[in-house]
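# Remarks on the overall topology
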Amino acid sequence: MDSRTWKWALISAPVMLSVSACVGWGGYPPAKNVHNSQLIGTWSGRKCGTTVTLNPDGSASATGIPAEMELDLKVTQEISGDGTWKVNEFGGEQQLDVITGNEVTTFGPYRDKGHLLVALTVGDPDTMNWCILTRHSKTAANAPTAVQQ
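Criteria and thresholds
Residues numbered from 1 in each chain as written. Predicted model: local features only at pLDDT ≥ 70, side-chain atom pairs only at ≥ 80, totals over all residues. Heavy atoms only, no water. Helix = DSSP H or I, 4+ residues; strand = E, 2+ residues; numbered from the N terminus. Buried < 20%, exposed > 50% of the residue type's maximum accessible area, 1.4 Å probe, protein only. Contact = heavy atoms within 4.5 Å. Areas by Shrake-Rupley, 256 points an atom, 1.4 Å probe, with all protein chains shown as cover. Disulfide = S-S within 2.5 Å. pLDDT = per-residue confidence, 0-100. Pairing = 2+ DSSP bridges. Axes fitted to C-alpha atoms, helices over the stretch in contact; angles between N-to-C directions.

Regarding its fold elements, the chain presents two helices and eight strands. Reading the secondary structure of the chain in the N-to-C direction produces α-α-β-β-β-β-β-β-β-β. Within the chain, the fraction of its 149 residues that count as buried is 33%. Expressed as a percentage of contacts within the chain between residues at least 6 apart in sequence, the contacts between residues at least 24 apart total 47%. Summed over all atoms, the accessible surface of the chain reaches about 9,700 Å², with 54% contributed by carbon and sulfur.

It is worth spelling out the environment of threonine 50 at this point. By the secondary structure assignment, threonine 50 is in strand S2 (residues 50–54). Sequence separation between threonine 50 and alanine 62 is 12 residues; the distance between their C-alpha atoms is 7.5 Å. Once residues lying within four places of it in the same chain are set aside, the contact partners of threonine 50 are Trp43, Ser44, Gly45, Thr63, Gly64, Ile65, Pro66, Cys131 and Leu133.

Bringing the environment of glycine 58 into the picture now. By the element assignment, glycine 58 lies in the loop between S2 and strand S3 (59–69). For the pair glycine 58 and isoleucine 40, spaced 18 residues apart in sequence, the C-alpha to C-alpha distance is 9.0 Å. Discounting chain neighbours no more than four positions away, the residues touching glycine 58 are Gly83, Thr84 and Trp85.

Moving on: the state of the cysteines. Inspection of every chain in the model, using the stated rule, returns one disulfide. Disulfide pairing is shown between cysteine 48 and cysteine 131; the S-S distance is 2.0 Å. Of note, the bridge from cysteine 48 to cysteine 131 carries an S-S torsion of about 55° and is right-handed in sense. With cysteine 48 in the loop between strand S1 (41–45) and S2 and cysteine 131 in strand S8 (residues 130–137), this pair connects stretches of sequence that are 83 residues apart. A single burial state applies to cysteine 48 and to cysteine 131, both of which are buried.

With that settled, the discussion passes to the environment of leucine 133. Secondary-structure assignment places leucine 133 in strand S8. Leucine 133 sits 90 residues away from tryptophan 43 along the chain, and the two C-alpha atoms are 5.5 Å apart. What leucine 133 contacts, discounting residues up to four positions off in sequence, is Trp43, Ser44, Gly45, Cys48, Thr50, Val52, Phe107, Leu117 and Val118.

Structurally, the position occupied by glutamine 95 is in strand S5 (residues 93–100). Among residues more than four places away in sequence, those in contact with glutamine 95 are Lys86, Val87, Asn88, Phe90, Thr106, Phe107 and Pro109.

Take the confidence of the model for the chain next. Of all residues in the chain, 75% attain a pLDDT of 70 or more, and the chain-wide mean is 79. Highest mean pLDDT in the chain belongs to S2 (97); lowest belongs to helix H1 (residues 3–23) (40). Overall, residues 5–24 carries pLDDT values under 50, and its contacts beyond four positions in sequence, including any with other chains, amount to seven contacts. Confidence drops under a pLDDT of 50 for residues 141–149, and excluding neighbours within four residues, the segment shows eight contacts in the predicted structure.

Attention shifts here to the sheet that holds S3. A barrel is described by the order of its strands in space; here eight strands give the closed sequence S1-S2-S3-S4-S5-S6-S7-S8, paired in antiparallel fashion. Between one strand and the next, the sheet's axes are offset by a mean angle of 40°, whatever the strand orientation.

Here the phi dihedral of asparagine 33 falls at roughly 50°; this positive angle occurs in a residue that is not glycine. In this fold, asparagine 33 is placed in the loop between H1 and helix H2 (36–39). The exposure class assigned to asparagine 33 is exposed, which follows from its relative accessible area of 62%. The backbone of lysine 113 shows a phi angle near 55°, a positive value even though the residue is not glycine. Within the element layout of this structure, lysine 113 appears in the loop between strand S6 (103–112) and strand S7 (115–121). A residue is classified by how much of its surface remains accessible, and lysine 113, at 78% relative accessible area, is exposed.

Dropping the structure here:
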């Protein structure tokens, strides 16, 4: 390789890495400034068989959150139950933590054509096994209408 090629490689590598980091997870850009009120409701993902309900009082219920998956995409462990939820920030990005029993499942908020979605990677991130949830109702069933503080 001549010196011109090396210079181009040294200059372009950081640029390419920073551009790919901006794309976000699964090609979706991270959602910014997500408020709790935007997350309240029932979220589901048909492909992963998951339903998560986030109530205004911070309580949650979950069914079929995939926790472990084999290479053939067979889910070997699921999380279900009642618990709580909260929004945190980690590494400058927001995350949604759903806590059921001793298990904390972290979803990332993302945007798809202006719509909010939440998603998680199951198992090794290199295998790209994703569970994407979209909101199907804005009001959680049997939930109080005001956030209790």
